[in-house]
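# Fold and geometry: a report
As a plain string of letters, each chain reads:
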There are 2 protein chains.
Amino acid sequence: MGVNVTDSDKTQEEEQQDLPKVVLFRPPPAFSLIGEESFASNKFHFLKTYDSQLPLDQFLSTHSHSIKAILSSGGAPVNADILQLLPEVGVVVTTSAGLNQIDIPECRRRGIKIANSGNVYSADVADLAVGLLIDVLRKVSAGDRYVRQGLWAAKGNYPLGSKLSGKRAGIVGLGNIGYEVAKRLEAFGCFVSYNSRKKKPYVSYPFYHDVCELAANCDALIICCGLSDETRHMINKQVLSALGKEGVIVNIGRGAIIDEKEMVRCLMQGEIAGAGLDVFENEPNVPQEFFAMDNVVLSPHRAVFTPESLKDLSQLVVGNLEAFLSNKPLLTEYVDSE
Amino acid sequence: MGVNVTDSDKTQEEEQQDLPKVVLFRPPPAFSLIGEESFASNKFHFLKTYDSQLPLDQFLSTHSHSIKAILSSGGAPVNADILQLLPEVGVVVTTSAGLNQIDIPECRRRGIKIANSGNVYSADVADLAVGLLIDVLRKVSAGDRYVRQGLWAAKGNYPLGSKLSGKRAGIVGLGNIGYEVAKRLEAFGCFVSYNSRKKKPYVSYPFYHDVCELAANCDALIICCGLSDETRHMINKQVLSALGKEGVIVNIGRGAIIDEKEMVRCLMQGEIAGAGLDVFENEPNVPQEFFAMDNVVLSPHRAVFTPESLKDLSQLVVGNLEAFLSNKPLLTEYVDSE
């Protein structure tokens, strides 16, 4: 049996070899933003498919018995084809706020748990949603452009914006994020109502089962839901018409929840008043028509990212993976409700 | 005594001749923004010095006995020289949020009351203050520029902003506006403290008698006070140093409360992190150095103006003038505290 190798005699690399593996299909944005070391643990080791020369299926087959978990971020699908190559996987932990890259029914079928990013991003996303709403109504970015171009001194006062206090705000998707948006807007004297798959039992805001009816009864529609087959292009021509020419829309969900072409048309023809958008259908490509519009605010999908939140995220990701690997309850298990 | 002329026989012009006169030295911005007719009343008549060819002193002397009130807006001083020509004036009603154009001690000496704009602007100003703060921290306007220039697709992700929730917000001047700002920021999970001439008895936020000490103990300094001899350049080099290189400043008060040259220097040298400014020392002229900075948001003094608030303002102005002329208490009498 040769020399009895104790843990302390092993090299760091050998130790890592023994650890359970967590597979990554692409580097999560947070790795480059705050450093991969924030996500390190002595309870697991990351396997990166993108560091290997092997074709994906061959790489996964080679390691299939040591891969216990997936660390998923936006863009790289976690679908049935992938999952069937990884029979030992018991959890998908995601660094993204949305879960639309994950085949949730397939995970359910295989008994694979999902841990989402919980409340980590909610405050940041809600802050930006409110910032975009104030910006669209009060013309902050447009006013900034006006001043920077020297037009204030040259051409006089900039046109008035419109008041936030007293506006009727319709939240589409009253999850963690939607709720944080609502809480903030109440402090501004807005009247909040919402649409969701189901009426929330403990919420006193008026509920609209039909998003079109919500749009007809609010001045600002704020999209806070996730992207799914049901929500794709949910904000269509009919909803935008119901919102009307005084209405504005804010989207911090996913671009494809809105029929973007239709929204561009509505904005160009004055059928809605304005839009504050952190997300787009085909990022980082943004419809060129927006670039000349003063009634839209364009944000490069930064709602979820601040260094402070990414630090919280890293702790949550490590905590979820370590909990799973030691058979403890996940910190933020995703259960199938909005 | 000849024909007995009844009210109904008089022409409109004759009737106006009989009405008490309210003098204006320049058109308030609200006249052009929502229309002068919103400020009309059958209890008084406006006399506009700017419609007359006469020199100001001659014009005022001519009408001195019929002028009972002054409608004042920013820019046109109401000083001792003016007031001594108008012995019948008993009230100055202002359309501006600030009172810095009015010689308040001289009014006091002459027993002239002052009616300010009360709470009319507070919500709008507070909304914009929060909007500017979110914008500076989360780089909203700068991100919008980045997207509009096509740089998102060409150069990749935009740098991270910084989190609002959990920040320590220092309010300078906890009047109506400052209080509305504080209320909103609490909903974002900020920790509010304040500086004011005196500690407010019914407020639980930590109070700093010294603005420098407040700056040293907050991440964001929000200037909500009025401009006076005491507050001019109150935010000087020392206060900006105390705020420090992670700190940001928002000014929705008056430009001259900050030593603007010093702030420009601090921003250029990274001694403070950013600024959101609705007001400037020499409006509409803005220091050119700002135009190239991505860590400042420049707003063309629009904090107080939305059509909704201007409508409220017109009712308040008319209400104050009518109250004074019928010996009733003013709706929003200015009493000398912040």
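Quick notes on the rules
- Residues numbered from 1 in each chain as written.
- Chains lettered and ligands numbered in written order.
- Predicted model: local features only at pLDDT ≥ 70, side-chain atom pairs only at ≥ 80, totals over all residues.
- Heavy atoms only, no water.
- UniProt positions renumbered as here; feature names shortened; annotations may be inferred.
- Pairing = 2+ DSSP bridges.
- Helix = DSSP H or I, 4+ residues; strand = E, 2+ residues; numbered from the N terminus.
- Axes fitted to C-alpha atoms, helices over the stretch in contact; angles between N-to-C directions.
- Contact = heavy atoms within 4.5 Å.
- Buried area = accessible area lost by both parts, 1.4 Å probe.
- Salt bridge = Lys/Arg side-chain N within 4 Å of Asp/Glu carboxyl O.
- Polar contact = N/O pair within 3.5 Å; in protein donor to acceptor, adjacent residues only side chain to side chain.
- Domains from an automatic or database assignment.
- Nonpolar A, V, L, I, M, F, W, Y, C, P; charged D, E, K, R; others polar.

In the annotation of an unreviewed UniProt entry, the entry for chain A reads glyoxylate reductase (NADP(+)), and the organism field reads Populus alba x Populus x berolinensis. As its UniProt record puts it under Sequence similarities (unreviewed entry), chain A is described as follows: "Belongs to the D-isomer specific 2-hydroxyacid dehydrogenase family."

With that settled, the discussion passes to the sheet that holds strand β1 (residues 21–24) of chain B. Working definition: the strands of a sheet are paired by backbone hydrogen bonds and lie parallel or antiparallel to each other. All names here are of chain B. The strand order across the open sheet formed by five strands is β2-β1-β3-β4-β5, and the pairing between neighbours is parallel. Among the strands making up the open sheet, the edge pair consists of β2 (45–48) and β5 (113–115). Pairwise comparison of adjacent strand axes, ignoring direction, gives a mean angle of 30° for this sheet. When strand β4 (residues 91–94) meets β5, the two strands line up parallel, connected through three bridges.

All names here are of chain A. Between glutamate 283 and the following residue, proline 284, the backbone shows a cis peptide bond with an omega angle of 0°. Tracing the sequence through the fold places proline 284 in the loop between β10 (274–277) and β11 (296–298). A positive phi angle, near 45°, is found at histidine 301, a position not held by glycine. Along the chain, the position of histidine 301 falls in the loop between β11 and α13 (307–325).

Here we take up the interface of chain A and chain B. With 60 residues of chain A at the interface, the matching set in chain B holds 60 residues. Together chain A and chain B conceal approximately 4900 Å² of surface at their shared face, both sides included; 61% is due to carbon and sulfur atoms. When the buried area of chain A at its contact with chain B is split by residue, Arg138, Arg148 and Trp152 of chain A rank highest and sum to 17% of it. Remark: the boundary between chain A and chain B carries eight salt bridges. Notably, a salt bridge pairs aspartate 144 of chain B with arginine 145 of chain A, separated by 2.9 Å at the nearest N-O pair. Inspection of the chain A/chain B interface yields 33 residue pairs in polar contact (both at pLDDT 80 or more). For the side of chain A that touches chain B, the secondary structure elements donating two or more residues are α6 (122–138), α7 (140–148), α8 (151–155), α9 (176–187), β11 and α13 of chain A. The element contributing the most residues to the side of chain A that touches chain B is α6 of chain A, with ten residues.

The next thing to look at is the domain arrangement of chain A. Residue and element names in this part refer to chain A. As assigned here, chain A comprises domain 1 (7–120 + 307–325) and domain 2 (122–298). A C-alpha centroid distance of 34 Å is found between domain 1 and domain 2. The junction of domain 1 with domain 2 conceals about 530 Å² of combined surface from both sides, 33% of it contributed by carbon and sulfur atoms. The largest per-residue losses of area from domain 1 upon contact with domain 2 belong to Asn100, Asn119 and Ser309, which jointly make up 67% of the total buried on that side. At the surface where domain 1 touches domain 2, the tally comes to zero salt bridges. Seen at the junction of domain 1 and domain 2, the total is four residue pairs in polar contact (both at pLDDT 80 or more). Here the residues of the side of domain 1 that touches domain 2 sort into one nonpolar, five polar and no charged.

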